[in-house]
Amino acid sequence: MSRSTIIDTPVARLNAFPIFAKVEGRVVAIVGAGDEAFAKARLMVQSSAHLRIIAVEPTAQLADWAAVNGVEILSATYRAELIADAALVFAATDDLDADRRIVADARALRIPVNAVDRPELCDFFTPALVNRAPVAVAIGTEGAGPVLAQMIRARIDLMLSPQLGALARLAAGFRDAVEKRVPRGVARRRFWKEFFTGETARQIDVGQVDAARGTATALLERGGATQGHVALVGAGPGAEDLLTLRAHRLLMEADVIVHDALVPEAVIAMGRRDAERIAAGKRKGCHSKTQSQINALLVELGRQGKRVVRLKSGDPLVFGRAGEEMAALRDAGISYEFVPGVTAAFAAAADFELPLTLRGVSSSMVFTTGHDLKGGPLPDWARLAIGGATVAIYMGRSVAADVAQRLIDAGLAPDTAVAVVENASLSAKRLFHGTLADLPRLQAREDLTGPVMTIIGDAVAGANFERSQALAAHAGARLDLKENAT
Ligand code: SAH
């Protein structure tokens, strides 16, 4: 082996190395009364240190805040004795000479000191902080960019459950028992992975601390063997940033992702790289798996102890056949949960700037497929439409002509406004507008290859038609109005 291969590749080195300072019950002194001092006080009050602000004339705002937060205010001229018992000192006077003196005093007392906005005088820097006590994520940039640090902070904050601290505290209570009962190595790692991402974590997330403790105890008794769980998750209408944070978190934890054809690759790719991906896609005309095969697959994966995300477009409970999957899981005794998603109607309305309810015009809305209009008795929702409800039609392209004809026959005005969105929320979206009488043209259009949402009702008139094309501009059948006007 050549000498160079055993030498680590050089990495950029940190000039300020992160460590965590023990401050519990110790004094942290902040000298100054301005905004800088206040900002540091707000940061440090997240710790269990005894906070002391040394300021000759504290503002009323600072004094009030200190009283509420149990912070000591020492209204005195700064002298070195006032910081002598501190574990950390902040010089935040906004006066260079004063800050220099405080830094010199602190160093003489061997106390690490931070001078606000004067990196050259600092022994340490404070991080941007994600606080899930006892868990903390500290972000530092060595002063390169506080804005950058805040951006990173915001992203990490969103990734972590707000209840992570509670989960970590529960974990601390189990540590000794786990060390006694679960062998070190694979079994122990599996225990903790299940603890931090499985049922225990889910129960903590919804505030069921006692139930979580019970679940963790059962997990301990099983020696850490995992139990399957299926999350029926709404992936939203297609744009990956319309996924909910919870959906994102579950995706990152999933062992297996079972997804529909309408869910874009970019969303599926948010899962772990090593997660198994199964396309259960049912797209018009090419059923790759039947519903009962999908039900059986979910049950089987659950029985294998897998953490499964069943990813469905939009919301899982809107035309998603999630009810059947849920029933199969329930019958098999496999735990499951639902995560709502942004349904296509909402995404289409947003793209069209279309108020689904409109004061004085429409105060109810209908989610339908339109397939029940093809024959037989008029469904109830048609009467709601005539009564002024806004109607969102899923899977409606192939029945557009029937829907229009029957609604007109039933008494809905042929000039009722209609908005159509193909690929709502995606950059490939296309918007069309027209009237009920124009709607049949949709059915003949072969250029519409993406999913299509149709919205009908007087509220549609409130939409923004600047970016939409007229349905009437496309050749195709139009209903003969004279014949139907009675
Ligand atoms: N559960 C889904 C609906 C599944 S049914 C939801 O809540 O949105 C499939 C139908 O949804 C499609 O035929 C189409 O009418 C509609 N749809 C789904 N995604 C869409 C999108 N991005 N744009 C327009 N319509 C969409």
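Residues numbered from 1 in each chain as written. Predicted model: local features only at pLDDT ≥ 70, side-chain atom pairs only at ≥ 80, totals over all residues. Heavy atoms only, no water.

1. Thoughts on the overall build of the chain
Then, number 1: Scanning the chain for helices and strands turns up 17 helices and 20 strands.
Then, number 2: Over its C-alpha trace the chain gives a radius of gyration of 31 Å, far above what one expects of a compact globule, namely 23 Å for 486 residues.
Then, number 3: The principal-axis extents of the C-alpha atoms in the chain amount to approximately 95 × 55 × 55 Å.
Then, number 4: Counting only contacts in the chain whose residues sit at least 6 apart along the sequence, the fraction spanning at least 24 positions is 65%.
Then, number 5: Of the side chains in the chain, 56 bear a positive and 55 a negative charge, and the two mean positions are spaced by 7 Å. (Helix = DSSP H or I, 4+ residues; strand = E, 2+ residues; numbered from the N terminus. Rg over C-alpha atoms; globule rule 2.2 N^0.38 Å. Contact = heavy atoms within 4.5 Å. Lys, Arg positive; Asp, Glu negative; His and termini not counted. Charge placed at Lys NZ, Arg CZ, Asp CG, Glu CD.)

2. Observations concerning the nonpolar core
Then, number 1: Ranked by internal contacts, the top residues of the largest apolar core, which has 25 residues, are Val 403, Leu 407, Val 420, Leu 436, Leu 439, Leu 442 and Ile 456.
Then, number 2: Going through the elements one at a time, α14 (380–386), β16 (390–393), α15 (400–409), β17 (417–422) and β19 (452–456) are the ones with two or more residues in this core.
Then, number 3: When residues in this core are grouped by element, the largest group, five residues, is from α15.
Then, number 4: Not counting residues within four places of it along the chain, the set of residues in contact with Leu 439 comprises Ala 400, Val 403, Ala 404, Val 418, Val 420, Thr 454, Ile 456 and Leu 471.
Then, number 5: Within the second largest apolar cluster, 20 residues are counted, among which are Val 23, Ile 30, Phe 38 and Ile 53. (Core = buried A, V, L, I, M, F, W, Y, C linked by side-chain atoms within 4.5 Å. Buried < 20%, exposed > 50% of the residue type's maximum accessible area, 1.4 Å probe, protein only.)

3. Considerations on a nonpolar patch on the surface
Then, number 1: A cluster of nonpolar side chains, namely Val 147, Leu 148, Met 151 and Ile 152, defines an oily patch on the protein surface of about 370 Å² accessible area.
Then, number 2: You can call Leu 148 partly exposed: its relative accessible area is 43%. (Patch = residues over 30% accessible without salt bridge, like charges linked within 9 Å, V, L, I, M, F, W, Y side chains within 5 Å. Areas by Shrake-Rupley, 256 points an atom, 1.4 Å probe, with all protein chains shown as cover. Salt bridge = Lys/Arg side-chain N within 4 Å of Asp/Glu carboxyl O.)

4. Thoughts on the domain arrangement of the chain
Then, number 1: In terms of domain boundaries, the chain breaks down into domain 1 (27–126), domain 2 (164–221), domain 3 (229–339) and domain 4 (345–484).
Then, number 2: Taken residue by residue, the interface counts seven residues in domain 2 and eight residues in domain 3.
Then, number 3: Here domain 2 and domain 3 share an interface that buries about 530 Å² over both sides, 35% of which is from carbon and sulfur atoms.
Then, number 4: Contact with domain 3 buries surface across domain 2, with Lys 193, Thr 197 and Arg 202 losing the most and accounting together for 75% of the total.
Then, number 5: Between Asp 255 and Lys 193 there is a salt bridge whose closest N-O contact spans 3.9 Å.
Then, number 6: There are three residue pairs in polar contact (both at pLDDT 80 or more) connecting domain 2 and domain 3.
Then, number 7: Looking at the side of domain 2 that touches domain 3, the elements with two or more residues in it are α6 (186–197) and α7 (199–205).
Then, number 8: Here the residues of the side of domain 2 that touches domain 3 sort into no nonpolar, two polar and five charged. (Domains from an automatic or database assignment. Buried area = accessible area lost by both parts, 1.4 Å probe. Polar contact = N/O pair within 3.5 Å; in protein donor to acceptor, adjacent residues only side chain to side chain. Nonpolar A, V, L, I, M, F, W, Y, C, P; charged D, E, K, R; others polar.)

5. Things to note about the site of the ligand
Then, number 1: By nearness alone, 17 residues border the ligand, and Asp 315, Val 318, Thr 343, Ala 424 and Val 452 come closest of all.
Then, number 2: Separating a nitrogen atom of the ligand from a backbone N or O atom of Pro 237 is a distance of 2.9 Å.
Then, number 3: In isolation the ligand exposes 550 Å². Once the protein is present, 92% of that is buried.
Then, number 4: Residue composition of the shell around the ligand, grouped by class: 12 nonpolar, four polar and one charged.
Then, number 5: Mapped onto the domain boundaries, the shell around the ligand takes at least three residues apiece from domain 3 (229–339) and domain 4 (345–484). (Near = heavy atom within 4 Å.)

6. Brief notes about the pattern of salt bridges
Then, number 1: In the structure shown here, the tally under the stated rule is 28 salt bridges.
Then, number 2: Of the charged contacts, one joins Arg 175 and Glu 179 as a salt bridge, the two residues approaching to 3.9 Å between their closest N and O atoms. Of this pair, Arg 175 and Glu 179 both sit in helix α5 (residues 164–181), four residues apart, which is roughly one turn of the helix.
Then, number 3: Glu 179 gets classed as partly exposed once you look at its relative accessible area, which sits at 42%.
Then, number 4: A salt bridge links Asp 447 to Arg 430; its shortest N-O distance comes to 3.3 Å.

7. Some remarks on the environment of Pro 355
Then, number 1: Within the element layout of this structure, Pro 355 appears in the loop between α13 (344–352) and β15 (365–368).
Then, number 2: For Pro 355, a relative accessible area of 24% translates into the label partly exposed.
Then, number 3: Expressed as a C-alpha distance, the spacing of Pro 355 and Thr 390, which sit 35 residues apart in the sequence, is 9.3 Å.
Then, number 4: Apart from residues no more than four positions distant in its own chain, Pro 355 is found in contact with Ala 459, Gly 462 and Ala 463.

8. Looking at helix α1 (residues 35–44)
Note that an α-helix has 3.6 residues per turn; residues three or four places apart therefore point the same way.
Then, number 1: Turning to α1, its buried residues are Ala 37, Phe 38, Lys 40, Ala 41, Leu 43 and Met 44.
Then, number 2: Structurally, α1 contributes buried residues whose contacts are with β1 (27–31), β2 (50–54), α2 (60–69), β4 (86–91), β5 (113–115) and β6 (128–132).

9. Focus on unusual backbone geometry
Then, number 1: Between Ala 133 and the following residue, Pro 134, the backbone shows a cis peptide bond with an omega angle of 10°.
Then, number 2: Among the structural elements, Pro 134 can be located in the loop between β6 and β7 (135–139).
Then, number 3: One non-glycine residue, Phe 319, lies in positive phi territory at about 45°.
Then, number 4: On the secondary structure map, Phe 319 appears in the loop between β13 (307–312) and α12 (322–332).

10. Structural notes on a negative patch on the surface
Then, number 1: A cluster of acidic residues, Asp 35, Asp 94, Asp 95 and Asp 117, forms a negative patch on the protein surface.
Then, number 2: Topologically, Asp 35 is positioned in helix α1.
Then, number 3: Overall, Asp 35 belongs to the exposed group, its relative accessible area being 65%.

11. A closer look at empty space enclosed by the protein
Then, number 1: The full count for this structure, using the stated rule, is one cavity of 30 Å³ or more.
Then, number 2: Counted as a void, the largest cavity has a volume near 60 Å³.
Then, number 3: Among the elements of the structure, β8 (229–234), α9 (245–253) and β13 are those that each provide at least two residues to the lining of the largest cavity.
Then, number 4: Looking at the lining of the largest cavity element by element, the count peaks at three residues for β13.
Then, number 5: Considering only residue class, the lining of the largest cavity consists of five nonpolar, two polar and three charged. (1 Å grid on protein atoms, 1.4 Å probe; cavity = no way out; pocket = protein on both sides within 12 Å on 5 of 7 lines; lining within 4 Å. Points joined across faces, edges and corners; volume = space filled by probe spheres on them.)

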